[in-house]
Each structure stands twice: as C-alpha cells, then as structure tokens.
Amino acid sequence: MKIAHLTLKELIDTASSSSGINVDVGPFAFNLRSKEKTFLSTFRDLYIDFPVVPSDEVVDFYIELNSPNNLRKYFGPQVNVTLDGEQPFQPFAITHGMPLFEWGLNWCIARQGQHLFMLHSAVLERNGKALILPAVPGSGKSTLCSAIAQRGWRFLSDEFCMIRPSDGQILPIPRPTPLKNESIEVIKDFSPDAFIGPLFPKTRKGTIGHLRAPSDSVASMKKTATPALIVFPRYESGSTINLKPLNKSYAFLKLTTNSFNYHFQGQTGFDLVCKMISECDTYDLVYSNLNEAIACINQINDDL
Amino acid sequence: MTFKNLYDEPSKSLLLDFLNKPSSAADFNNQHWTLLIRTAKACKLLAHVAWVIDQHNLNSILPEKVKNQFIAALKIAEFRQRQTLWEINRLRRALKSFDATVIVLKGGAYLLLKLPFAKGRLLSDVDIMVKKANINNIEQMLLEQLWESQKVDEYDQHYYRQWMHEIPPLSHPLRAVEVDIHHTIIPPTSKFKPDPNLLFTDAIKVDDINFKVLSPCDMVLHSAVHLFSDSDLGNKLRDLVDLDQLFRHFVSQNTNFQNHLFKRARELGLQRPLYYTFKFTHQFLGTPLTISKQEISSISPPFPVSWLMNTLVPLALLPENPNHHRQSVRFARWLLYIRSHYLRMPLRLLLPHLARKSLMRIKADED
C-alpha cells in the first residue's frame, strides 16, 4: 500500500492514533505520529508515492510532530519534533511543520545510519551508471540535480548518497528536494509540471519549497546503483560551461570532507572512498546554464 | 501469555528480561525487537545489546533492519572508543615530563584493560585522577599545550575548585574531547570520604603505559559510589550494567573477589554504595553473589531508608516502556534527584549554590 491509497482523513486518523503510521523511504523506515492537519496534508502531497509499512514491522526511527502542550497554543502556536524520544530542535511556528519534519528525519539518518557510508551529495542514475553530485556551499547541487531528474535520469537522492559498505552499491532514498530561494522559480520555469509544495518563508535557509520526487524514482527505490561519475558542480553566474577532469588524490580529499560519517567508519570509510575514486571518473564542473550543464553531463555519461 | 498482554504492563521490561536471558531473543518477533531497540536506545544501551547478541552468536537470527541498527550502534561505540584512546595517547605525550601518578578512570580504564564489555560501551569524556597536590601542575601543563578550560564563567570556576572532586573540564580545540581531571572519586562535600591516598597506593599499571588504573576493587567501588551517591539514578540502567559486567569479569578471574571487595569497602568507608550494588545488580541483572546474604545484610541501611530505596530505585533506574510514561516514575526520579543533591553537599552549601544558579539562569534568559 502507498500513501496515495489513504485519503487525507484516513492519513490523519492513522497518524494521530497511538500506533502512528509506518513509512518506507528506501534504506530506512520511520514511524510517524502527528495530529497536525496542515503538516499531514503537505506530507501526503510530498510523500504520496511512498509505501506504507505494516504496523508490526521493525522501523528505524520514531518521529512525533505535535504542538507542545503549553500556553503558546493561544498566541503564536508552535510545533515540536520528537526523535526517538529526544527533542534536539527548538520548536518552529505551527505553519513550518514540514521543514521541521525533514530536518528531523535528516538528523535521525545522519546520526543513526552508521551501517552505511554517507556522502552529503545528490545522486542520479542513467543507463545503470550513477552520478554523484557532492554538495559544496554555492554549488547549486539541489537545483542541478532537480533539473537533471526532469531530463530522463532516475532521481536517487538530493541530500544523502548512501553507500553499502559490503559492495559499494548506492541505496536510493528519493525524498522530496528542498529548493531554496531563487531555485524555486528556476525549477518552476525549467519544468512547469514539477510538483512543488507550499513555500515556507523565513527558515534559517531562507524560503523553502519541497519538490516531490518523480513517481518512477520512488517505485524503483529498492534498486541499487553503481557509482560511475563524481562531478563537483559550481554555479557561477554568467560563466561559460567548463568541465575539467579532477585529479584523483584531490577527489579523494574532497570526497572524504563531503562525508557525514567518514570519521565514524574508520578503515571501512577509507577503503570505500579509495574504491569509489578508482572506479569513477571525477570532474569539476562550472556552469551557469542548466541545459548546457545537462548536455555536458549526458555526454560524459554516454562516453563511459 | 501473548506479547501484548505481557509487555504492555509498564512494570515489565523486555530489555531486563533479555539481559537476564539473551538466548530468549531466539523467539523474538518484530514487536519484541521493536520494543527492545526503543527501550535500549532510550537508556543508551543499544550498543551493549548489540554486543550481547554478538557474544551469544545470535546475529544469524536478526531481521535485516535489526541487524543494521546493531551494526550502526557498534560503529558509533567504536568511534567513541577510538576517540578516547587517541585522547589518552595525546595526554600521555603532553604529560611525558609530569612525574606524578596519573590514573585513568571509568570507561577509559575499561578500554585500557580491554575488558570485554567495553566494546559495547558508549563513552563521552576522558576521566583521569591525580593527587590534589599535583592538580595545578597538570592543569598548567595541559593549558600550555593548547587544552582549553570549558567553564569560562568565574562562579563556575570557583565552584568547581572550591567544592568539587574535579577541576573545570578541559578540552583540546582540535579534538573537542572533554578531559575531566579529578583528585578523588566523589565530591569532598559528600558524606562519604574515601581516602584518595589508598586509591593511589593500590592503583595498577597497564601494559607498558605510564598511566595507571584503579585496582579491580576500587574500580567497582568507584562505579558504585558514582551511581548510588553521586547521581540521581534516573534512567541509569547502563551504570548498573557496568557494575554487573565488572563483577562478572573480576569474579571470573578471582573467585574471592567479592570478599576482597567487602573488606576494601570497609577500608574506604563505602559499605553503603556497595550494599546497593550487590542488591540491585543481583535483583535486576541476576549478578551471581559469592558472599553470604548475612554479610550483605550487615552493611544494609536501617529500615526506613532500605524500604524507601527498594521502592524508589526500581522505579527511577529502570527504563520506561516507551509507550507508557508513568507519574510514579516521575515522582520517584524527582525524589532521588533531591536525594542526590542532598548527598552531594550539606544544605548550607547547596541552597546558596542553587539560588545563585537560578539567578544566573534568569539573568541569562533576560540577556
């Protein structure tokens, strides 16, 4: 069963019951309990294609998103996220349940997903070959990834490149992409059919709108992918497109600093990064035009 | 009885049942695993559970998701262990010319001794102990080598130095591991006053390292006094697990261990924490007792105290069922929290301190 098979009312009833609702996002499943109708409505729109897991299955995280029971509910109501019994975040305004939930889920994954090697990267796949786009501030990773996903690539993840240590395969986690500020308009123009949820102004990253993952990506999220291309993108306004092969030892350093848990993994992390940079082609890409960037990336993907 | 009936009882703990009989996991269904993991996470024992599973060769029966969570928990524990050993390594280098004894306490010591259960233990700080006369010297040496004091507030600095058994924590900016330097094992204001000289006399060397660790008896007594006299006991099953594991390990090496311990507790004046250790490790974790019941009752507290502790400790110390939070547990934890403060310092010191702290907090909020 998928979230889509539940009406909004059914979703609210299940999520507000004591057992909550279990949702599978690929390498992880979580239990969600919430009574917040606005949040659940947005959640339903953005996670519509994801499978619902039976209530007696083991899940990884227990997430609760509710209003704290205090006087604030009468003036400036707030919402709190509880992650496996902990509350690491300050409450948000009641309207901002969705970004709070997404950050909460990221926190759970980054903290507890230590059985996998995690890069802070977007991942896409075409012809069985995965493209890794590591995030560096100002790289425009989410925008570029969202655009590529609209042009015949399978979208695997915007935030987490999850690598299984036993075989180096990438496990997709095609959650919604948080587009920030100008990127929202850019993607709307680039692909008018793309579904973007409500906009959340004044978050610590500016205005955020979540782009829903393509249905096909979610349907095939249990299909792993082999790393083949690592491209470090950099958006530079007005620049002409410039793709340069990146020296492997430098790529090694860039990749380790891009990892969420390189230091946790010890030898496993070192071995995995070695394997990846020796098996993948590594590039630096400077771009200003999305169509040019996509053409260029398609080319190196075809040449593999 | 079905799972629902049995473990919906808030007083029943699947985690305790598992720790007492790990082989019972062979019959676990998904609901059992879920409850076990959630409870273990809530009291920071997930890595320990993973280690127990491994010790009992139960890895092959684990559902995929459970296996992954255990691998992840052990990875986190291993990382913190590496961090701790590296910090000890850096301290040894920084203190090469320090010519007095340095004793590594608690988790760091278990690691240096390679105690089996240390593999599943989550470490946070590095705790070391030197004689009080050397404490300024060691602090100065570390400050000169770029460690920094974590408490910048003047009142906190004064409070630690005047009343505590340790100086304000230090940490090196490159590694950010907190180093706590003690001169004894319990605040000097507490009603227990073990003579630190005795601890230094018995301390033992580990391998070829110039740092020492406490003797096995003192190690247990330190852990006991820490749990039963210097903590609020709230959700502290992991400290009881430490005591259980230390017992089992040292008894396996020396069958007379508990008798030695008994004698040592008298020398240090720590009979009361030892009594609670015997009582509660045996009651909750089935720790074998090799000394007689009479000997144990000879160090028991008088009636009203023993009754109160027998009632409150199980409520406060054991993890709650994540689906049922109880008022009685909150109340017991509150009472034992008060007790911990009362034991730590006399009221004439405690009340001004708490008043001062509250005022500072209010002021900070206003700023």
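Residues numbered from 1 in each chain as written. Chains lettered and ligands numbered in written order. Predicted model: local features only at pLDDT ≥ 70, side-chain atom pairs only at ≥ 80, totals over all residues.

Caption draft 1: Focus on the overall build of chain B. Regarding its fold elements, chain B presents 17 helices and seven strands. Its C-alpha atoms give chain B a radius of gyration of 21 Å, near enough to 21 Å, the size a compact globule of 367 residues would have. Across its three principal directions, the C-alpha atoms of chain B cover 60 × 55 × 45 Å. The buried share of chain B, reckoned over its 367 residues, is 38%. (Helix = DSSP H or I, 4+ residues; strand = E, 2+ residues; numbered from the N terminus. Rg over C-alpha atoms; globule rule 2.2 N^0.38 Å. Buried ≥ 20, exposed ≤ 12 C-beta atoms within 10 Å, placed from the backbone.)

Caption draft 2: Representation of the overall build of chain A in the model. Each helix and strand counted, chain A has 10 helices and 18 strands in total. For chain A, the C-alpha radius of gyration of 19 Å lies close to 19 Å, the compact-globule estimate for 304 residues. Overall, the C-alpha framework of chain A stretches about 55 × 40 × 35 Å when taken along its three principal axes. The buried share of chain A, reckoned over its 304 residues, is 45%. Within chain A, contacts between residues at least 6 apart in sequence are counted, and of these 71% link residues at least 24 apart. (Contact = placed C-beta atoms within 7 Å.)

Caption draft 3: Quick look at the pairing of strand β9 (residues 129–134) of chain A. All names here are of chain A. A large share of β9 lies buried, amounting to five of its six residues. Bridging between strand β8 (residues 121–126) and β9 involves six bridges; their strand directions are antiparallel. Bridging across to β9, Arg126 finds its partner in Lys129. Linking β8 back to β9 in an antiparallel pair, the connection comprises two residues, with Asn127 at a positive phi of about 55°. Relative to strand β16 (residues 226–235), β9 runs parallel, the two sharing four bridges. Across the sheet, the residue bridging to Ile132 is Ile230, located in β16. (Pairing = 2+ DSSP bridges.)

Caption draft 4: Expanded view of the domain arrangement of chain A. Residue and element names in this part refer to chain A. Taken as a whole, chain A is organised into domain 1 (3–112) and domain 2 (117–303). Once you take the C-alpha centre of each, domain 1 and domain 2 turn out to be 26 Å apart. The interface of domain 1 with domain 2 comprises 15 residues on the first partner and 23 residues on the second. For the side of domain 1 that touches domain 2, the secondary structure elements donating two or more residues are α2 (37–46) and α3 (97–112). Of all the elements, α3 adds the most residues to the side of domain 1 that touches domain 2, at six residues. (Domains from an automatic or database assignment.)

Caption draft 5: Highlighting the nonpolar core. Judged by nonpolar contacts, the single largest core of 178 residues is most densely connected at Leu124 of chain A together with Ile128 of chain B. Once residues within four sequence positions are removed from consideration, Ile128 of chain B is found in contact with Val102, Ile103, Val104, Leu105, Val179 and Ile181 of chain B. (Core = buried A, V, L, I, M, F, W, Y, C linked by C-beta atoms within 7 Å.)

Caption draft 6: A look at the sheet that holds strand β11 (residues 161–163) of chain A. Residues and elements named next belong to chain A. Spatial strand order, β7-β11-β12: three strands in an open sheet with antiparallel pairing. Strands at the two margins of the open sheet, each flanked by one partner only, are β7 (117–119) and β12 (170–171). In the sheet, β7 pairs with β11 via three bridges, with the strands oriented antiparallel. The residue of β11 that forms the bridge with Met118 is Met162.

Caption draft 7: Fine view of the sheet that holds strand β1 (residues 21–24) of chain A. Residue and element names in this part refer to chain A. What the six strands build is an open sheet, ordered β3-β1-β2-β4-β5-β6; its pairing is mixed. Unpaired on one side and paired on the other, β3 (52–53) and β6 (92–93) mark the two borders of the sheet. Across four bridges, β1 lies against strand β2 (residues 29–34) in antiparallel orientation. Counted as the bridge partner of Ile21 is Leu32 from β2. Across the sheet, helix α1 (residues 8–16) touches β1 and β2, and the angle it forms with β2 is around 95°. (Axes fitted to C-alpha atoms, helices over the stretch in contact; angles between N-to-C directions.)

Caption draft 8: The arrangement of the environment of Asp193 of chain A in detail. Tracing the chain through its elements places Asp193 of chain A in the loop between α5 (182–190) and β14 (196–203). Spatially, the C-alpha atom of Asp193 of chain A lies 32 Å from that of Glu64 of chain A, the residues being 129 residues apart in sequence.

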